[in-house]
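# Notes for the structure review
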Amino acid sequence: MDEQKQKEISASLLKDMEATAARMRELIVAMPPYDLLGYIYAQHMIKAMSDQSVADNQSEADGPDDLINDNQFLLEYVHAVLASDAAPADVTFDEARCAELFELGRKLREQAIFFAMATSANTKDGVFGPDTADIELHAKSTWVMLRGNRYQVLEGEFYRYVLMPHDDALKEVYGVGSSDMAEGFQAMADATRSGHAEAITEMMKQLEAAQAFATAQDKPLEDVMEAWVAANSEQSKAAGRAMDDMFRGGIANVSRHTKLPSTLLADLAYRRGEETEFFAAGDFSGTPYRTLPARKKPLIQLGSDYYAVDPCFTRDAGYRALLYNLLQRKPDYKKIFEGRQKTMGEAAFADILAAQLPGATVFQEVYYKDPASKQWSENDTLILVDDVLFLVEAKAGAAATIASPALDFGRHAQSLQDLVLKAYKQCERFFNYLNSADEVPLYHLVDGKHKECGRVRRSDYRVMVPIGLTVESFSPFSTYCKELPQVVPLLGRHAFVSLSIDELFVLKRLLPTPGEFVHYMEVRQAVAGMRRAYLFDEFDHLGAYLKKNRFDQDIAEQLKGGKVNMLIWDGMSDIVDRSFEGEDWESRPFPTQDFPEEVLKLLGALDATRARGWLSADSHIRDLGDEGRSNLAKMLSDLRQTLNQHPARYFALVGDSEPLFVWLQQHDHQIDWTRVNDKASAVALAVKASSVIGVVAEVSADGTYHEAQSFAVHVPTERTEENAHIYADAARMAQPARGVKLSQPKHVVAPVKAKKPGRNVPCPCGSGIKYKKCHGRSDFPPKAKNSN
């Protein structure tokens, strides 16, 4: 597009937006706020009542979602006008004007998106390189469209966690602690989520009671209503409140629906006419590209009560607004506040995901001497679990800025990318340190002195994930920042991942086991290293994983050939979103990937045993597609059922990746590790594999998996007198005349009678550790200890 033409179109769109916003302001200020809110919120009831018919007729599925978006956008403007204009003396409700408001809201949103397109189209380069124009468009459209990007039912859990460090300060300033605060914010979210349904239930209950009263009097209902009200004042008041919730915006009344102190509500609320910037003269006056008042103070005071007119910004802005006002009221708390925020952020990953990181060694505030600068450097949290390393850098900055991308996209992007780059650079420095020697020491700072607290060898870790952690999500920038020229996989292979604390609460529910979580993070990291491929937020990534497993491979296939400039996967989070809908969400099972029961038993035994290297075997099994999982289940089941006749059986599953060698041992029979290792090595030679994943499982014929562990498979590279029998066995396995397919073999192994290894000889499992310290330990498998 010609640059001059683009400027003309942009200027015209801007004037149109300003005119539309001014008309919306005119209409809103002229109507009584309670009636207007009641009318808009009633559309939610209409949507709920139409949901079932929509489910029956999928072709209409877009209607209710559009209605939600229309309502949400309009509520933002109602809040903005109420905050900007004093209450006029004369107001009149007019349904025709409400209809016009909805139409204007849709029009303004459309104008705003066209403006985003027009003003981004000619951006040639920027902080995101050649993709800056596309990312600028997404940033502007997100600024206009995206709201409430958390799950309402988890509000209390989020607030409880992030406010806990400030419990004493909250009690001092507001008279209630973090738990009560969290309960209040959850109640606020619940009122919006289910308030109408509860109001309808209450109305029906009181109507039935009144009807029963009339029946007992043997009179028509209308003849006894006055008497019923007089005799049942509390029930009558409950019915009045329900009517208010249904028809006058009462579900937004946080004074009624929460126990939050009025002092706090006042801090989070505008008084009528208090806001002076949103509609002030100048470019973008009243348009969505100015900072909506709800981004700064999410509530509004109407009369003596406080209302969450716009429920989504109450969630998006409430946390930051609360902390800001806490410090305004207690300025001497700032230094302590910053220290507590830092401690909370650094501990959050290992704390929230404790069930996903069992037995992990956790180092916090790790110091080391940087080989490049020769200066002491510090990292927040290092987590070591089996052969997986997580390095977490917590950043306490705001998850999203309140500065509009339309007014200064460069500054908007810079403030957010700084959040990523600072964490990235700290991770990069540590990974370079890990790579500087075979083994590197770690230090804690104790009484001003650096004292060694552990040592780490890079070669011990199959997976290393550098993570930047914020309190709140700042999607889509958290996914787009991989396009920054400075952000490349560390050491050439370990991509950087951005996460937020509120996302961790979802991940821990939908990925409840260590194996599921670690495998997800492996796939997530692979996608984080793919430029030109975008999923909007963490829940899109999670949804794609649950639906497609190795969706990184699908993306790689779609990008192959270099013909695609930008690949966007949209709507993948629907499977996650539905998990948190409905009153019974906690009692319903969360979505999971499909695994045959037999495979789940093997994975469960690996998890229960947790021998060294178990996550590698677990990950390899989870990598399998539907067919591979079915094949594995069939072989496990078929051979397991013969263990009463044959105390040990084995097979190999061969596909496009590393072969999987599985040895099934009858429970309570001694494992002949020499035979296990020889057979696994022979399989590797027979299928010409350079590496093989080995698993030994102790099983009963009835299907009980008692223990399972991975082991290192040695692949011979040269025939010797000592390994000649392995080569001979491999040759027999490879003979077509034997009719043995290694993907579904039927080898029968005779009962094993082997001597127990000496305590001081290397363990036969291949770990390289003495038997007495590995599988010969009385407390096997050993558990790692925490180091804080």
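Residues numbered from 1 in each chain as written. Predicted model: local features only at pLDDT ≥ 70, side-chain atom pairs only at ≥ 80, totals over all residues. Heavy atoms only, no water.

## Topic: the overall build of the chain
- The secondary structure content of the chain amounts to 26 helices and 17 strands.
- In the chain, buried positions account for 54% of the 788 residues.
- Within the chain, counting contacts between residues at least 6 apart in sequence, those at least 24 apart form 73% of the total.
- By element, 49% of the accessible surface of the chain is carried by carbon and sulfur atoms, the whole surface being about 35000 Å². (Helix = DSSP H or I, 4+ residues; strand = E, 2+ residues; numbered from the N terminus. Buried < 20%, exposed > 50% of the residue type's maximum accessible area, 1.4 Å probe, protein only. Contact = heavy atoms within 4.5 Å. Areas by Shrake-Rupley, 256 points an atom, 1.4 Å probe, with all protein chains shown as cover.)

## Looking at a nonpolar patch on the surface
- Taken together, the side chains of Ile 200, Met 204 and Leu 207 present a nonpolar region at the surface, about 260 Å² in accessible area.
- Structurally, Met 204 can be placed in helix H8 (residues 178–217). (Patch = residues over 30% accessible without salt bridge, like charges linked within 9 Å, V, L, I, M, F, W, Y side chains within 5 Å. Salt bridge = Lys/Arg side-chain N within 4 Å of Asp/Glu carboxyl O.)

## Digging into the nonpolar core
- Counting residues in hydrophobic clusters, the biggest one holds 116 residues, and the most contacted among them are Phe 349, Phe 390, Ile 501, Phe 517, Ile 555, Val 576 and Leu 632.
- Looking at this core, the element that brings in the most residues is helix H18 (residues 514–528), giving seven residues.
- Residues in contact with Val 576, not counting those within four places in the same chain, are Tyr 151, Val 506, Leu 510, Phe 539, Leu 542, Gly 543 and Leu 546.
- Ranked by size, the runner-up nonpolar core spans 48 residues in total, among them Met 17, Val 78, Ala 80 and Ala 252. (Core = buried A, V, L, I, M, F, W, Y, C linked by side-chain atoms within 4.5 Å.)

## Points about the side chain of Gln 665
- In this fold, Gln 665 is placed in strand E14 (residues 660–666).
- A relative accessible area of 0% places Gln 665 in the buried class.
- In terms of polar contacts, Gln 665 uses its side chain to reach the backbone carbonyl oxygen of Pro 647, at 3.5 Å.
- Residues contacting Gln 665, with those up to four places away along its chain left out, are Leu 643, Pro 647, Ala 648, Gln 670, Ile 671, Ala 697, Glu 698 and Val 699. (Polar contact = N/O pair within 3.5 Å; in protein donor to acceptor, adjacent residues only side chain to side chain.)

## Here we look at the packing of aromatic side chains
- This model, assessed by the stated rule, comprises 33 aromatic pairs.
- Ring plane angle 75° and centroid distance 5.8 Å describe the contact between Tyr 161 and Phe 505, whose orientation is recorded as edge-to-face. Of the two residues, Tyr 161 sits in helix H6 (residues 155–163) while Phe 505 sits in helix H17 (residues 501–510), which places them 344 residues apart along the sequence. In terms of burial, Tyr 161 and Phe 505 fall into one category: buried. (Phe/Tyr/Trp six-rings, centres within 6.5 Å; stacked < 30°, edge-to-face > 60°.)

## Here's the deal with helix H4 (residues 95–120)
- The end-to-end C-alpha separation of H4 is 38 Å, in line with the 38 Å expected for 26 residues at 1.5 Å each.
- At the N-terminal boundary of H4, the capping side chain belongs to Asp 94, with an oxygen 2.8 Å from the backbone nitrogen of Ala 96. (Expected span 1.5 Å × (residues − 1).)

## A word on the confidence of the model for the chain
- Overall, the predicted model of the chain reaches an average pLDDT of 87, with 88% of residues at or above 70.
- Low pLDDT, under 50, characterises residues 58–64; the stretch is placed with six contacts to residues that sit more than four places away or in other chains.
- With pLDDT under 50 throughout, residues 778–788 is counted as low confidence; its partners more than four residues away or in other chains account for 26 contacts. (pLDDT = per-residue confidence, 0-100.)

## Remarks on the sheet that holds strand E2 (residues 299–302)
- Spatial ordering of the open sheet is given by E1-E2-E3, a layout of three strands whose pairing is mixed. The outermost strands of the open sheet, each flanked by one partner alone, are strand E1 (269–270) and strand E3 (305–307).
- Here three bridges tie E2 to E3, and the two strands are oriented antiparallel to one another. Within E3, the position partnered with Leu 302 by the bridge is Asp 305. (Pairing = 2+ DSSP bridges.)

## Looking at unusual backbone geometry
- For Asp 386, which is not glycine, the phi dihedral falls at a positive 55°.
- Within the secondary structure layout, Asp 386 lies in the loop between strand E5 (376–385) and strand E6 (388–394).
- Looking at Asp 386, the relative accessible area reads 26%, which means it is partly exposed.
- If you check the backbone angles, Arg 532 has positive phi at about 75° while not being a glycine.
- By the secondary structure assignment, Arg 532 is in the loop between H18 and strand E11 (533–535).
- According to the relative accessible area criterion, Arg 532 is partly exposed, its value standing at 27%.

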